[in-house]
Amino acid sequence: MERQAKILLVDDEPDIIEILQYNLRKEGYHVITSANGKEGLLKAIKEIPDLIILDIMMPEMDGIETCRQLREHHELRNAVIVFLSARSEEYSQIAGFDVGADDYIVKPIKPRMFVSRVKALLRRSNIEPESFTSLESVLGNIRIDRDRYVVIKDEKEIYLPRKEFELFSLIISKPGKVFKRDEIIAHVWGNDIVVGHRTIDVHIRKIREKLGDDSIKTIKGVGYKFDQ
């Protein structure tokens, strides 16, 4: 029997929780709920859900801080984290991606559309990334451990959230090749998920900060390439 995907809903609006929980359970998902960020964090650590859906404005701990703390837990590194918020401002979305979110959905959203987005996110997260070969010999001081989702640079292990890891793995798979933005979106997020180009920029900036170098070059108006 196929394992039910486990989804954690964290929102302080009971009506939202009730509607989303009903529609997700109708599709066969195992749904856990929480009314605030602090409780949501504890439940996520205990349950290890496949997908976590967070509101931004919540009591106890807001969604941004909750997401940041979720990403600090190694056991949750493969969980898909999505913000579902009435805040549509660009800076709110960028703040969400900055702390490791995989997607940002703006309220209100019709239940059928919401379920469709959830299915796309889970489907994409279950796709095994391409097997890139000869990375260690080509890149010298950088190795990729795909089983543990870790980058090893100068023998130091660097843990990246899933989307950052997949994005970095794609770009370093062919040093010198310029990956266009649409190509990156299709490979890392999939064509059935709406992701803006600014999302890629945020992820690239986070990767650069964590690696501590500028090996990922920006090709203005086109995309990115890896060039040591």
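What counts and how
Residues numbered from 1 in each chain as written. Predicted model: local features only at pLDDT ≥ 70, side-chain atom pairs only at ≥ 80, totals over all residues. Heavy atoms only, no water. 1 Å grid on protein atoms, 1.4 Å probe; cavity = no way out; pocket = protein on both sides within 12 Å on 5 of 7 lines; lining within 4 Å. Points joined across faces, edges and corners; volume = space filled by probe spheres on them. Nonpolar A, V, L, I, M, F, W, Y, C, P; charged D, E, K, R; others polar. Salt bridge = Lys/Arg side-chain N within 4 Å of Asp/Glu carboxyl O. Helix = DSSP H or I, 4+ residues; strand = E, 2+ residues; numbered from the N terminus. Buried < 20%, exposed > 50% of the residue type's maximum accessible area, 1.4 Å probe, protein only. Axes fitted to C-alpha atoms, helices over the stretch in contact; angles between N-to-C directions. Parallel < 35°, antiparallel > 145°, perpendicular 65-115°, else oblique. Left-handed = near helix turned anticlockwise from the far one by under 90°. Contact = heavy atoms within 4.5 Å. Expected span 1.5 Å × (residues − 1). Pairing = 2+ DSSP bridges. Right-handed = clockwise from strand over helix to strand, strands pointing away. pLDDT = per-residue confidence, 0-100.

Trainee: Report on the layout of surface pockets, specifying residues and quantitative values.
Mentor: Each pocket or cavity is described by its volume, and for the second largest pocket that value is around 240 Å³. Contributing to the lining of the second largest pocket are 15 residues, with Arg 71, Glu 72, Tyr 159, Pro 161 and Lys 210 lying nearest its centre. The residue inventory of the lining of the second largest pocket, partitioned by class, reads four nonpolar, three polar and eight charged.

Trainee: An account of the pattern of salt bridges is needed here, citing residue identities and associated values.
Mentor: Scanning the model with the defined rule gives 20 salt bridges in all. In this structure, Arg 117 and Asp 103 form a salt bridge, with 2.9 Å as the shortest nitrogen-oxygen distance. Highlighted residues: Arg 117 in helix 5 (residues 111–125) and Asp 103 in strand 5 (residues 103–106), separated in sequence by 14 residues. Asp 103 shares its class with Arg 117; the two are buried.

Trainee: Can you break down the packing of helix 1 (residues 14–26) against helix 5 residue by residue, with the values?
Mentor: Contact pair helix 1 / helix 5: the axes reach a minimum separation of 10 Å and the direction vectors enclose 60°. One way to sum up the angle between helix 1 and helix 5 is to call them oblique. Once helix 1 is placed against helix 5, the crossing between them reads as right-handed. Along its contact with helix 1, which presents Ile 19, Leu 20, Asn 23 and Leu 24, the element helix 5 presents Pro 111, Phe 114, Val 115 and Val 118. Looking at side-chain class alone, the contact of helix 1 with helix 5 contains seven nonpolar, one polar and no charged residues.

Trainee: Summarise helix 9 (residues 197–211); cite the residues concerned and give the values.
Mentor: With 15 residues, helix 9 should reach 21 Å at 1.5 Å per residue; the first-to-last C-alpha distance of 22 Å fits that figure. Buried within helix 9 are the following residues: Thr 199, Ile 200, Val 202, His 203, Ile 204, Lys 206, Ile 207 and Leu 211. Where helix 9 ends, the next residue or the one after it, Gly 212, has phi of about 70°, a positive value.

Trainee: Hey, could you go over the pairing of strand 4 (residues 80–85) for me, with residue numbers and the actual values?
Mentor: Among the six residues of strand 4, six are classified as buried, and the element is accordingly described as predominantly covered. By the alternation rule, side chains of strand 4 split into Val 80, Val 82 and Leu 84 and Ile 81, Phe 83 and Ser 85, which are all buried. With four bridges joining them, strand 3 (residues 51–54) and strand 4 adopt parallel strand pairing. When the bridges of strand 4 are listed, Leu 54 appears paired with Phe 83. At this point the chain moves from strand 3, through helix 3 (residues 63–70), to the parallel strand 4, and the crossover so formed is right-handed. Relative to strand 5, strand 4 runs parallel, the two sharing four bridges. Along strand 5, the bridge assignment pairs Leu 84 with Ile 105. In this region the chain leaves strand 4, passes through helix 4 (residues 90–98) and returns to the parallel neighbour strand 5; the handedness of that crossover is right-handed.

Trainee: So what's going on with the side chain of Asn 23? Residues and values would help.
Mentor: Its location among the elements puts Asn 23 in helix 1. Residue classification places Asn 23 among the buried residues on the basis of a relative accessible area of 12%. Each residue touching Asn 23, except ones within four places of it in the same chain, is listed here: Pro 111 and Val 115.

Trainee: Give a description of empty space enclosed by the protein that names residues and reports values.
Mentor: In this approach a probe as big as a water molecule rolls over the atoms, and the regions it shows empty are the leftover space. The final tally for this structure, using the stated rule, is one cavity of 30 Å³ or more. The wall of the largest cavity is formed by Leu 9, Val 10, Asp 11, Ile 16, Ile 17, Leu 20, Ile 53, Leu 54, Asp 55 and Leu 84. Elements with a minimum of two residues in the lining of the largest cavity: strand 1 (6–10), helix 1 and strand 3. The greatest single-element share of the lining of the largest cavity, amounting to three residues, is contributed by helix 1.

Trainee: Pulling in residues and values, what's your account of the environment of Ile 219?
Mentor: Looking at the element boundaries, Ile 219 is found in strand 10 (residues 216–219). C-alpha of Ile 219 to C-alpha of Phe 179: the two residues are 40 residues apart in sequence and 9.1 Å apart in space. Setting aside chain neighbours within four positions, we find Ile 219 in contact with Val 178 and Lys 225.

Trainee: Run through the confidence of the model for the protein, naming residues and quoting values.
Mentor: Confidence in the prediction for the protein averages 85 pLDDT; 89% of positions are at 70 or higher. Low pLDDT (under 50) marks residues 127–138, which in the prediction has 19 contacts with non-local residues, meaning those over four places away or in another chain.

Trainee: Explain the sheet that holds strand 10 to me, and be specific about the residues and the numbers.
Mentor: An order of 9-11-10 is seen for the three strands of this open sheet, with the pairing classed as antiparallel. Strand pairing shows two members of the sheet lacking a second neighbour, strand 9 (179–180) and strand 10, which therefore form its edges. As judged from the two bridges shared by strand 9 and strand 11 (residues 223–226), these two strands associate in the antiparallel manner. What sits directly across from Lys 180, in strand 11, is Gly 223. This element, helix 9, spans strand 10 and strand 11 of the sheet and lies at about 150° to strand 10.

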